[in-house]
Amino acid sequence: MQTQVLIIGGGVTGVGLARDLALRGVDCILAEAYDLNAGASGANHGLLHSGCRYVASDPHSARECHEESSLLRKLAPHVVEETGGYFVAVPGDDERYIADFPGRCRSAGIPVRSQDVPAAREQEPELAGNAVAVFEVPDATVDPFHLVLDTLTHARELGARFLGHTRLEGFEMRQGRVEIARLRNTRNGREYRVRADQIVNAAGAWAGEVAAMAGGNVAMRCVKGTLLVTHDRMTRRVINRLRPPGDGDILVPGGTVSILGTTSVRVESLDDIAPTVAEVDVNVEQGSAMVPGLASTRYIRAYAGVRPLLLEQDDSSDRNASRGVALLDHERDGLQNFVTITGGKLTTFRLMAEQTADLVCARLGVHAPCRTRTTPLPAAEPWRWNEAGLARKGWLSEHEPGDVLLCECEMVPRSGVDAILDMAAEEGEATGLKALNRRSRVGKGACQGTFCGLRLTSYLYDRDDLDSDEGIVQLRDFLEERWKGQRPVLWGPAAAQAELQEALYCGLMGLELPSTDREGA
């Protein structure tokens with residue numbers, strides 16, 4: 001295969017870059033080792049930052065967040081919910097930090113308004129009764145799954161090529177340039193040899209490993225953040241603790257649920273990233289100071305993502321590390337056609353893609369300007385099933401006879417599943433339970449796949465999308481993945497739900513057994 005630009009990494013930055021290049025008329029291939037949204041792009045708050053969180057520690061990033069969140073609201077309103085946000089201080093929080101907050105926001109160009117505490121509690125009854133200060137800010141939420149899927153779909157419509165489940169195995173070098181990238185599909189074993197004029201490393205937490213394959217150096221550290229999902233949506237707005245960034249100090253509404261996080265723990269290995277009981281406890285303890293109901297509400301699962309942070313001279317605090325964009329030109333390492341883009345955050349993904357595309361296009365001699373600042377992001381029909389509560393808005397009032405709900409918690413009907421599977425087949429992507437989960441609300445509700453997992457597997461067999469014991473293998477993998485998130489929050493109703501799931505899948509189906517033992521049972 002031959003292309004002008006090979007992008008390694010199918011997170012939000014990688015797909016954003018593919019769309020940016022495609023809009024400029026540049027041919028590109030995007031390769032992702034796993035599935036879309038398998039990394040940090042699918043394991044975050046879904047917070048569209050106003051920038052206020054960084055006004056004290058990183059004013060430059062604060063301005064970037066405010067500018068980029070404003071752009072995304074205009075260009076992709078279908079993936080954004082205009083929630084607004086509160087910054088809330090409670091007794092014991094730093095009075096100087098509270099007093100300086102509004103001035104710092106205004107210095108960064110971010111609108112902020114002091115809110116009377118009783119009036120704020122009328123708007124958000126779950127707020128702590130002893131809150132001492134509340135400021136209103138222009139926070140919002142964004143569905144990262146929907147954003148990534150729509151961005152890639154548009155890039156492909158413009159000519160970009162995508163290689164999913166395709167892992168980089170190595171580079172062949174010649175005279176300071178990457179001449180060939182060797183990749184392999186992890187599902188069918190097919191090997192690809194890609195000759196590209198430019199290579200972009202957008203591999204997120206794996207950026208250091210990818211750069212090292214080419215002889216480059218990316219000094220970075222990886223920080224795990226754990227987040228919790230509540231059973232119900234607890235607030236209309238984003239609620240932030242008014243203090244320097246810390247554990248459990250952001251509560252973000254996400255459709256019908258709320259998401260609390262996050263912790264910050266350095267990790268040396270990316271092989272097993274899972275939330276722990278201790279991290280869950282810290283989040284609940286810290287979050288309940290601003291929203292007391294967090295101490296007693298039901299949680300349906302936890303999950304963890306890894307933030308890649310560029311290693312700087314002062315690495316004493318991961319919380320104080322810059323969240324700014326880091327574009328690394330590896331000519332300093334003697335590599336003439338290799339670039340790494342890292343750092344940043346979900347809110348600034350478009351800017352990261354623009355800056356990278358500017359550098360790559362300058363090297364290619366392409367003078368087409370960036371168009372992602374002005375071109376709206378089209379909404380692709382199948383991916384609308386990422387929207388929480390979508391069925392309640394349309395399916396209940398009008399649907400075809402026989403169009404049953406396959407996922408009842410999140411109300412995803414058979415027609416929605418068909419649309420997703422048909423789109424995946426059209427784009428040549430493999431499908432299955434995990435893929436459906438990352439492309440819709442399937443399995444994300446209160447039952448965490450207990451009922452819809454079995455129902456969807458049966459339906460995939462009915463469609464002839466599965467053969468032999470493929471469904472059993474996929475079902476076990478799917479439930480194991482959900483179990484990682486359920487295990488740290490097993491108390492109260494969640495424990496009863498897990499017992500029911502175990503009885504159904506282990507007691508009835510023997511799913512925990514190896515296939516040979518299950519056949520003989």
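All values reported here derive from a predicted model rather than from experimental measurement.

## Some remarks on the domain arrangement of the protein chain
It is common to report an interface's size as the accessible area lost on association of the parts. The assigned domain composition of the protein chain is domain 1 (2-39 + 145-219 + 321-364), domain 2 (80-140 + 221-310) and domain 3 (390-509). Each of domain 1 and domain 2 has a C-alpha centre, and the two are 32 Å apart. Contacts between the two partners involve 13 residues from domain 1 and, on the opposite side, eight residues from domain 2. Of the roughly 780 Å² buried where domain 1 meets domain 2, counting both sides, 69% is carbon and sulfur surface. At the junction of domain 1 and domain 2, the tally comes to zero salt bridges. Mapped onto the side of domain 1 that touches domain 2, the elements with two or more residues apiece are strand 19 (325-329) and strand 20 (338-343). Classifying every residue of the side of domain 1 that touches domain 2 by side-chain character gives seven nonpolar, four polar and two charged.

## A word on unusual backbone geometry
Along the chain, Gly-261 connects to Thr-262 via a cis peptide bond; the corresponding omega equals -5°. The topology assignment puts Thr-262 in the loop between strand 16 (257-261) and strand 17 (265-267). One non-glycine residue, Gln-175, lies in the positive phi region at around 50°. Assignment of secondary structure puts Gln-175 in the loop between strand 10 (166-174) and strand 11 (177-185). Gln-175 gets classed as exposed once you look at its relative accessible area, which sits at 71%. Positive phi outside glycine occurs at Ser-468, with the angle close to 55°. With respect to the element layout, Ser-468 can be found in the loop between helix 12 (452-462) and helix 13 (470-486). Of the residues examined, Ser-468 reaches a relative accessible area of 57% and is grouped as exposed.

## Thoughts on the nonpolar core
Membership of the largest hydrophobic core comes to 65 residues, with the highest contact counts inside it found for Val-5, Ile-7, Leu-21, Leu-72, Leu-147, Val-417 and Leu-456. The dominant element in this core, judged by the number of residues it contributes, is helix 8 (residues 349-364), at six residues. Built from parts of two domains, this core gets at least three residues from each of domain 1 (2-39 + 145-219 + 321-364) and domain 3 (390-509). If we skip the residues at most four places from it in the chain, Val-417 touches Leu-406, Val-412, Leu-436, Leu-456 and Tyr-459. If you look at the next biggest cluster of nonpolar residues, it comprises 24 residues, including Ile-29, Tyr-192, Ala-203 and Val-210.

The rules behind each value
Residues numbered from 1 in each chain as written. Predicted model: local features only at pLDDT ≥ 70, side-chain atom pairs only at ≥ 80, totals over all residues. Heavy atoms only, no water. Domains from an automatic or database assignment. Contact = heavy atoms within 4.5 Å. Buried area = accessible area lost by both parts, 1.4 Å probe. Salt bridge = Lys/Arg side-chain N within 4 Å of Asp/Glu carboxyl O. Helix = DSSP H or I, 4+ residues; strand = E, 2+ residues; numbered from the N terminus. Nonpolar A, V, L, I, M, F, W, Y, C, P; charged D, E, K, R; others polar. Buried < 20%, exposed > 50% of the residue type's maximum accessible area, 1.4 Å probe, protein only. Core = buried A, V, L, I, M, F, W, Y, C linked by side-chain atoms within 4.5 Å.

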